[in-house]
Amino acid sequence: MLRAWKQSVKNMPVMSGLRRRPHLKRPLWIIILVTFVIMFLITAYVFPLSSSTACYIFSSGDCSVYHQPPFRSRELSDEEIMSQVVIREILNAPPTQSKNSKIAFLYLTPGTLPFEPLWDKFFHGHESRFSVYVHASREKPVHISDHFIGRDIRSDSVAWGKISMVDAERRLLAHALLDPDNQQFVLLSDSCVPLHNFDYVYNYLMHTNVSFLDCFVDLGPHGTGRYSEHMMPEIEKAAFRKGSQWFSLKRQHAIIVMADTLYYTNFRLYCKPHFEGRNCYADEHYLPTFFNMIDPSGIANRSVTYVDWSEGKWHPRSFRAQDITFEFLKNLASTDYIIHYTSDPKRRMLVGPCLWNNVKGPCYLFARKFYPETLNRLMINFSNYTAT
């Protein structure tokens, strides 16, 4: 299965190189090409335009249209030094070896999961390669699948836009980290559905060394406009990022989230609704900002969960039963570019390719937000749209 999956990635189209000019003699052609490459490398290194191709070649970080100045040097506080020591030790430690690597599926839900039958179909036959953890913030869920029975963790109430959302994410990660076989940690909501079969998802996550965490620069009021100067000096404005909360973290990154108290406390105190006349939502900014600061090359700057923000409202578009067709689902599963919408007056669209191990390919493994009424059509189409 892995060989076939890798072959499908190899078959994806790639950009062709520069065409040879046949009328030039070989020595002159070589000199011109080498000179051009050297000039390009020097220019890209000295003047790295974030909107250019050079950014995608030389940087694994944020390649948005906005370029941020480098952080100014300063003396670190004792708390920052201790935090950096812990983070660097975790990042430099060899990954935990497991003979039975698993994906931990973390469900953040108010109560019963409406798509449990679909997930049951997704998990069937792969019981040794995944774990399930359910955080129900309002009422005890009623489970109908053996894959979910007995998988509820101790939960607490969650308020939209408040730090309790991050607390729930950390609680799920803590429970999942108790199992040393869990190597990837995927956060999902009650409205999420799978876009590919289990083998595809497993290979996609297990054979890459980055975390899929959404992270981009939004200089508008719903991005950098939410930043508070109280976050100084630990978090400078230039480091502030935004992104979807629906992540897939590798084990080292999940441990770092557990170890962090300094930056988490900063967001708990100064990123909340109605603080200083701003509505800052910690679940949209804490992890993107945190990983942008501590390990920017270790994240893909995108999520593997599709969300449609094209309507420009407070909440993303939700899908009804009439939306669910084979063509619609297949398009979601094959999308190979990511769009970020900024909140500045021009409402810019930041568009970029989705790379998997430096090869352009499908962006999304999951999607949201789906109404419960879509379940029947999703079940009917599942085997077809998830076929690879």
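Attention here is on the structure that accompanies the text. (Residues numbered from 1 in each chain as written. Predicted model: local features only at pLDDT ≥ 70, side-chain atom pairs only at ≥ 80, totals over all residues. Heavy atoms only, no water.)

## Notes on the overall build of the protein chain
For clarity, the threshold we go by: In DSSP terms, a helix is any run of H or I states spanning at least four residues, a strand is any run of E spanning at least two, and both are numbered starting from the N terminus. For every residue, the accessible area (1.4 Å probe, protein chains only) is compared with the maximum for its type, and the residue is labelled buried under 20%, exposed over 50%, or partly exposed between those bounds. Only heavy atoms enter the contact rule, under which two residues are in contact if any of them lie within 4.5 Å.
Along the protein chain, the regular secondary structure elements total 12 helices and 13 strands. Counting all 388 residues of the protein chain, 49% fall into the buried class. Within the protein chain, counting contacts between residues at least 6 apart in sequence, those at least 24 apart form 79% of the total.

## Points about the environment of Phe-212
Structurally, Phe-212 can be placed in the loop between helix H7 (198–206) and strand S5 (248–250). Relative accessible area serves as the criterion here: at 1%, Phe-212 is assigned to the buried category. Apart from the residues within four sequence positions on either side, Phe-212 is in contact with Tyr-204, Leu-205, Phe-247, Ser-248, Ala-300, Arg-302, Ser-303, Val-304 and Trp-356.

## A few points about the packing of helix H6 (residues 163–177) against helix H8 (residues 251–259)
Counted only if it meets this: Each axis is a line fitted through C-alpha atoms, taken for helices only over the stretch in contact, and angles between the N-to-C directions span 0 to 180 degrees. Any angle that falls under 35 degrees is termed roughly parallel, while one over 145 is termed roughly antiparallel, one within 65 to 115 roughly perpendicular, and all others oblique. By convention, the crossing between two helices is left-handed when the near helix turns anticlockwise from the far helix through less than a right angle, and right-handed when the turn is clockwise. In this count, Pro and Cys sit with the nonpolar residues alongside Ala, Val, Leu, Ile, Met, Phe, Trp and Tyr, while Asp, Glu, Lys and Arg are called charged and the others, Gly among them, polar.
It is the contact of H6 with H8, at a shortest axis distance of 10 Å, that shows an interaxial angle of 125 degrees. The orientation of H6 relative to H8 falls into the category oblique. Considering the relative orientation of H6 and H8, their crossing is left-handed. Contacts between H6 and H8 involve Arg-170, Leu-173, Ala-174 and Leu-177 from the former and Arg-251, Ala-254, Ile-255, Val-257 and Met-258 from the latter. Considered class by class, the residues forming the contact of H6 with H8 number 7 nonpolar, no polar and 2 charged.

## Remarks on the state of the cysteines
Rule in force here: The criterion for a disulfide is a pair of cysteine sulfur atoms lying within 2.5 Å.
By the definition in use, this model includes 2 disulfides. Shown here is the disulfide that connects Cys-271 with Cys-280, its sulfur atoms set 2.0 Å apart. A torsion of -85 degrees about the S-S bond marks the disulfide between Cys-271 and Cys-280 as left-handed. What pairs with Cys-354 in a disulfide is Cys-363, and their sulfur atoms sit 1.8 Å apart. Disulfide Cys-354-Cys-363: torsion about the S-S bond near 95 degrees, hence right-handed.

## Examining the nonpolar core
Here is the rule: Residues enter a nonpolar core if they are buried and are Ala, Val, Leu, Ile, Met, Phe, Trp, Tyr or Cys, with the set joined through side-chain atoms within 4.5 Å.
Residues Phe-105, Tyr-107, Trp-119, Phe-123, Phe-366, Phe-370 and Leu-378 are the most contacted members of the largest nonpolar core, which totals 47 residues. Listing elements by their share of this core, those giving two or more residues are strand S1 (102–109), helix H5 (116–123), strand S2 (130–136), strand S3 (182–189), H7, helix H11 (326–334), strand S13 (366–367) and helix H12 (375–385). With 7 residues, the top contributor of residues to this core is H7. Excluding residues within four positions of it along the chain, Trp-119 makes contact with Phe-105, Tyr-107, Phe-148, Leu-188, Cys-192, Val-193, Pro-194 and Phe-366. Of all hydrophobic cores here, the second largest spans 44 residues; its members include Val-166, Ala-168, Leu-172 and Tyr-264.

## With respect to the packing of aromatic side chains
Using the following cut-off: Only centres within 6.5 Å qualify two rings of Phe, Tyr or Trp (six-membered ring in Trp) as a pair; their planes then separate them into stacked at under 30 degrees, edge-to-face at over 60, and tilted for everything else. Geometrically, a lysine NZ or arginine CZ counts as sitting over a ring once it is within 6 Å of the ring centre and also within 35 degrees of the ring normal.
Evaluation of the coordinates by the stated rule reveals 33 aromatic pairs. A ring pair is formed by Trp-119 and Phe-366, whose centres lie 6.0 Å apart and whose planes are at 40 degrees; its orientation type is tilted. Residue Trp-119 is located in helix H5, and its partner Phe-366 is located in strand S13; the two are separated by 247 residues in the primary sequence. You'll find Trp-119 and Phe-366 in the same group, each marked buried. Members of the aromatic cluster, connected to one another through ring pairs, are Phe-105, Tyr-107, Trp-119, Phe-122, Phe-123, Phe-130, Phe-148, Phe-198, Tyr-202 and Phe-366. Just above the ring of Tyr-133 sits the side chain of Arg-151; from NZ or CZ to the centre is 5.0 Å.

## What about the sheet that holds S1?
Let me state the cut-off plainly: If DSSP finds at least two bridges between two strands, the strands pair.
Pairing is mixed across the open sheet formed by 4 strands, whose spatial order is S2-S1-S3-S5. Edge positions in the open sheet fall to S2 and S5, since each of these has one partner strand only. Across the sheet, the mean angle from the axis of one strand to that of its neighbour is 20 degrees, orientation sign disregarded. With 7 bridges connecting them, S1 and S2 associate as parallel partners. Following the sheet pairing, Leu-106 is matched in S2 by Tyr-133.

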